[in-house]
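# Notes for the structure review
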Amino acid sequence: MYDMKELYEAFSVQEAIELRLAHPEAQIIAGGSDVLVQMREGKRAGKELISIYLIDELRGVSLDENEAIRIGSLTSFSHITRDPIIQKYINVLGEAVDLVGGPQIRNIGTIGGNTCNGVTSADSASTLHAWEAIIELTGPSGKRLVPIKDFYIKASTVDIREGEIQTAILIPKESYENTWGSYSKYAMRNAMDIATTGCSVNVRLSPDKQTFDRVRIAYGVAGPVPMRAPSAEALIQGKALTIENAEAFSLEVLKDINPRDSWRAPKAFRQHIAVEMAKRCLIEATKRCGGVIN
Amino acid sequence: MKDQYRLIEFNLNGKDVACMVDCRASLTDMLRNDFRLTSVKKGCEVGECGACNVIIDGECYNSCIYLAVWVRGKHVRTLEGLMGPNGELSDIQQAFIDETAVQCGFCTPGFIMSAVEILESGKLYTRDELRKLLSGHLCRCTGYENILNAVEKTMKKRLGITE
Ligand SMILES: Cc1cc2nc3c(=O)[nH]c(=O)nc-3n(C[C@H](O)[C@H](O)[C@H](O)COP(=O)(O)OP(=O)(O)OC[C@H]3O[C@@H](n4cnc5c(N)ncnc54)[C@H](O)[C@@H]3O)c2cc1C
Ligand code: FES
Ligand code: FES
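Residues numbered from 1 in each chain as written. Chains lettered and ligands numbered in written order. Predicted model: local features only at pLDDT ≥ 70, side-chain atom pairs only at ≥ 80, totals over all residues. Heavy atoms only, no water.

It is common to report an interface's size as the accessible area lost on association of the parts. Across the contact, 33 residues belong to chain A and 34 residues belong to chain B. Summed over both partners, the interface of chain A with chain B buries about 2800 Å², with 55% contributed by carbon and sulfur atoms. Joining chain A to chain B, the criterion identifies six salt bridges. Our count for the chain A to chain B interface comes out at 16 residue pairs in polar contact (both at pLDDT 80 or more). (Contact = heavy atoms within 4.5 Å. Buried area = accessible area lost by both parts, 1.4 Å probe. Salt bridge = Lys/Arg side-chain N within 4 Å of Asp/Glu carboxyl O. Polar contact = N/O pair within 3.5 Å; in protein donor to acceptor, adjacent residues only side chain to side chain.)

Given below as structure tokens:
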């Protein structure tokens with residue numbers, strides 16, 4: 001038995017909004033793989049919950065009228081990895097979430113929960129930052145769209161307002177068109193482990209594949225919330241595909257990131273691997289674009 | 001708490017069932033206490049070990065971090081559902097015995113349900129892929145190799161591949 005005070009169940013987005021307004025203290029539960037564990041540990045014991053897990057309209061991946069990729073907030077990690085739209089346009093997201101926990105966790109964990117928890121180590125978060133994802137929230141006065149970097153306010157706090165729930169994550173066409181990505185997760189174990197650091201890079205090359213047209217890089221666990229490395233992105237823009245440029249790019253990330261010492265790893269180690277990950281992901285993403293770094 | 005008990009209807013191991021369940025119950029609680037399906041083990045109860053793993057609508061879930069009320073209208077399968085009409089073991093259970101993939105047995109039902117999902121996909125996986133597909137389970141006894149052998153051999157047998 002879970003030590004919860006009350007369980008309210010929503011079967012539609014409208015019901016969820018009404019329950020949110022009626023019970024402002026209650027916590028939303030999607031797949032529950034964070035919430036139920038915290039409740040079991042006593043951290044959230046005695047709380048009221050609003051279950052949104054059975055709102056089927058929030059599941060699935062589609063292309064919207066602007067050809068943005070629309071991922072319903074309740075879509076599980078395993079369904080993202082197996083989805084043909086994800087595989088065709090932003091396969092790196094499928095690869096990143098395929099590194100979450102183990103198979104059963106990937107069946108229950110949702111991408112909405114992975115972003116609404118505001119956790120820096122969330123395996124989808126750095127890739128979503130690198131794709132400049134847009135968060136869709138639905139509330140009493142309709143839909144609100146927020147760029148993912150503004151959605152994160154501070155560790156464990158995201159911009160969800162009164163009566164709102166997150167209903168989708170959108171990847172605009174400008175972000176994914178002709179662009180290929182690579183994700184790297186550093187952890188002590190290959191399964192069932194939280195990232196010591198995670199890095200996601202995506203690359204668009206010039207039509208002749210000789211220069212970097214646009215590069216995006218984002219990290220998890222390089223600061224209190226997932227973050228981009230804008231100095232590194234600016235440095236490599238328009239540069240030739242050389243190993244010197246790749247190395248300069250990866251060192252430049254140190255100007256942007258701010259990892260801390262923790263029991264998992266000291267700051268210096270996190271900085272060291274962040275540089276190495278940037279380089280490897282850049283090289284891999286470039287390869288996926290059909291470019292050759294020499 | 002008002003309406004603490006809720007009526008839920010679902011399909012359990014092939015039979016349609018109904019239950020008035022405490023909304024605070026995990027699926028493990030309901031399967032063990034209301035249906036006496038004790039193959040569903042309570043290991044860590046925080047989603048780490050896989051001892052409570054069951055199949056819901058064809059996918060594996062750790063039932064300890066799954067609310068019982070969520071199975072409304074779904075198909076749930078536990079190890080007990082693998083039993084043949086005269087109490088026979090399934091091929092994968094027999095393989096666990098033959099390969100000495102069982103010692104204390106606490107992790108076994110969970111592993112076998114993941115193996116069932118793998119086997120029913122009808123795909124041929126490499127040893128490394130199987131390792132990843134089974135990575136949501138902890139076993140304190142066997143050292144995993146015999147478990148992998150049991151799953152790999154049953155997979156090949158079902159696909160008609162002889163070594
Ligand atoms: C054993 C184990 C291993 C794990 N390993 C990893 C790992 O390797 N990498 C990783 O990133 N995570 C991991 N996790 C954490 C967890 O599985 C993920 O964060 C998952 O994405 C959470 O999704 P959920 O639907 O289960 O969230 P829930 O627990 O239901 O919710 C998480 C938070 O988000 C809020 N929320 C959820 N959905 C919405 C919504 N639509 N609108 C508004 N608020 C919402 C909830 O109120 C809560 O605060 C692991 C968890 C377990 C138990
Ligand atoms: S008891 Fe459910 S995962 Fe351990
Ligand atoms: S056989 Fe004892 S835990 Fe696996």
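Picking up where we left off.
Domain assignment breaks chain A into domain 1 (4–51), domain 2 (59–174) and domain 3 (182–288). Between the C-alpha centres of domain 1 of chain A and domain 3 of chain A there is a distance of 36 Å. (Domains from an automatic or database assignment.)

Residues and elements named next belong to chain A. By the secondary structure assignment, Gln-166 is in strand E10 (residues 165–171). At 3.0 Å, the side chain of Gln-166 and the side chain of Thr-115 are in polar contact. Those residues within four positions of Gln-166 in sequence are excluded, and the remaining contacts are Leu-58, Ser-73, Gly-112, Thr-115, Cys-116, Ile-135, Glu-136, Leu-137 and Phe-151. (Helix = DSSP H or I, 4+ residues; strand = E, 2+ residues; numbered from the N terminus.)

Residues and elements named next belong to chain A. Counted residue by residue, strand E6 (residues 134–139) has five buried out of six residues, so it is predominantly covered. Here E6 hands over to strand E7 (residues 142–147) after two residues, the two strands then running antiparallel side by side. Bridge count between E6 and E10: five bridges; the pairing is antiparallel. Bridge assignment links Ile-134 to a residue of E10, and that residue is Leu-170. (Buried < 20%, exposed > 50% of the residue type's maximum accessible area, 1.4 Å probe, protein only. Pairing = 2+ DSSP bridges.)

Geometrically, a pair of aromatic rings is defined through the distance of the ring centres and the angle of the planes. Tallied over the entire structure, the rule returns nine aromatic pairs over all chains. Centroid distance A:Tyr53 to B:Tyr66: 5.9 Å. Interplanar angle 85°. Geometry classified as edge-to-face. One end of the pair, A:Tyr53, is in the loop between strand E3 (47–51) and strand E4 (61–63); the other, B:Tyr66, is in the loop between strand E4 (59–62) and strand E5 (75–77), on a second chain. By the burial criterion, A:Tyr53 is buried, and B:Tyr66 matches it. Ring geometry for B:Tyr66 versus B:Trp70: centroids 5.4 Å apart, planes at 85°, classification edge-to-face. This pair shows no difference in class: B:Tyr66 is buried, exactly as B:Trp70 is. Three or more aromatic residues link up through ring pairs in this structure, and these residues are A:Tyr53, B:Tyr61, B:Tyr66 and B:Trp70. (Phe/Tyr/Trp six-rings, centres within 6.5 Å; stacked < 30°, edge-to-face > 60°.)

Overall, the coordinates contain 41 salt bridges over all chains when judged by the stated rule. Taking the shortest distance from any N to any O, the salt bridge between A:Glu247 and A:Lys279 comes out at 3.2 Å. Here A:Glu247, found in helix H12 (residues 243–252), pairs with A:Lys279, found in helix H13 (residues 267–288); they are 32 residues apart in sequence, far enough to count as distant. The exposure class of A:Lys279 is buried, given its relative accessible area of 19%. A salt bridge links A:Glu252 to A:Lys255, with the shortest nitrogen-to-oxygen separation between them at 2.9 Å. One connected set of salt bridges, linked through shared partners, spans B:Arg127, B:Asp128, B:Arg131, B:Glu145, B:Glu152 and B:Lys156.

Residue and element names in this part refer to chain A. Reading across from one edge, E4-E5-E10-E6-E7 is the order of the five strands in this open sheet, with antiparallel pairing throughout. The two strands at the open ends of the sheet, each matched to only one other strand, are E4 and E7. Within this sheet the neighbouring strands show an average axis-to-axis angle of 25°, counted without direction. With four bridges joining them, strand E5 (residues 69–72) and E10 adopt antiparallel strand pairing. Counted as the bridge partner of Ile-71 is Ile-169 from E10. Against the sheet, helix H1 (residues 13–22) makes contact with E6 and E10, and its axis sits at roughly 130° relative to E10, the strand it touches most. (Axes fitted to C-alpha atoms, helices over the stretch in contact; angles between N-to-C directions.)

Within the structure, ligand 1 sits among 35 residues, and A:Ile28, A:Ala30, A:Ser33, A:Thr110 and A:Asp123 are positioned closest to it. One chain alone does not account for the residues near ligand 1; they come from chains A and B. Within the contact set of ligand 1, an oxygen atom lies 2.7 Å away from a backbone nitrogen or oxygen of A:Ala30. Those elements that provide at least two residues to the shell around ligand 1 are strand E2 (27–29), helix H2 (35–40), helix H7 (111–116) and E10 of chain A. Element by element, the count of residues in the shell around ligand 1 is highest for H7(A), at four residues. In the shell around ligand 1, the residues fall into 16 nonpolar, 14 polar and five charged. (Near = heavy atom within 4 Å. Nonpolar A, V, L, I, M, F, W, Y, C, P; charged D, E, K, R; others polar.)

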